[in-house]
Amino acid sequence: MAEAPYQRDWRPIGDRHGLRISHRGAEGSTGDDPASDGPAVVFTVLADDGRLVLRHEVPRVLAADWVAALIGILDVPAGRLRSPEEWGGQADELARLRRDLQALPGTAGRRT
């Protein structure tokens, strides 16, 4: 399987903190519910020893922004990570803020 584009940006973070990340489509997620943001992606972060650190489901439309936000949150010196219990929610909020900013008039198509 080909490497996902975010893996290149993840590699230095993962190496620094001993973490690996992967993703898959969420089972049973079709995006047919008009109230949902469509199909979902599940991101899994494991420690090098195989211990589960984080599993988080994200709407596919937010996946790229979400993983970029997570990388930003974890881009701290070794030994300085906050609790993994905070990462998912923080990345959710940052991804949504980023999309909101991109939707402002005059910012169409611009990446932040």
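**Considerations on the environment of G50**
Piece 1. Relative to the elements of secondary structure, G50 occurs in the loop between β2 (40–47) and β3 (52–59).
Piece 2. A relative accessible area of 41% places G50 in the partly exposed class.
Piece 3. Sequence separation of G50 and R20 is 30 residues, and the distance between their C-alpha atoms is 8.8 Å.

**A closer look at the pairing of β3**
Piece 1. Across 7 bridges, β2 lies against β3 in antiparallel orientation. Paired with F43 across the bridge in β3 is H56.
Piece 2. In textbook terms, the turn of a hairpin is the stretch between consecutive antiparallel strands, and for β2 and β3 this stretch comprises 4 residues, one of which, G50, has a positive phi near 90°.

**Things to note about the pattern of salt bridges**
Piece 1. Overall, the coordinates contain 5 salt bridges when judged by the stated rule.
Piece 2. Where D75 meets R16, a salt bridge forms, and the shortest distance between an N and an O atom there is 3.0 Å. On the criterion of sequence distance, the pair formed by D75 in the loop between α2 (63–74) and α3 (84–102) and R16 in helix α1 (residues 6–17) is long-range, its members being 59 residues apart.
Piece 3. Given a relative accessible area of 47%, D75 falls into the partly exposed group.
Piece 4. A salt bridge links R51 to D49, with the nearest nitrogen and oxygen atoms 4.0 Å apart.

Criteria and cut-off values
Residues numbered from 1 in each chain as written. Predicted model: local features only at pLDDT ≥ 70, side-chain atom pairs only at ≥ 80, totals over all residues. Heavy atoms only, no water. Helix = DSSP H or I, 4+ residues; strand = E, 2+ residues; numbered from the N terminus. Buried < 20%, exposed > 50% of the residue type's maximum accessible area, 1.4 Å probe, protein only. Pairing = 2+ DSSP bridges. Salt bridge = Lys/Arg side-chain N within 4 Å of Asp/Glu carboxyl O.

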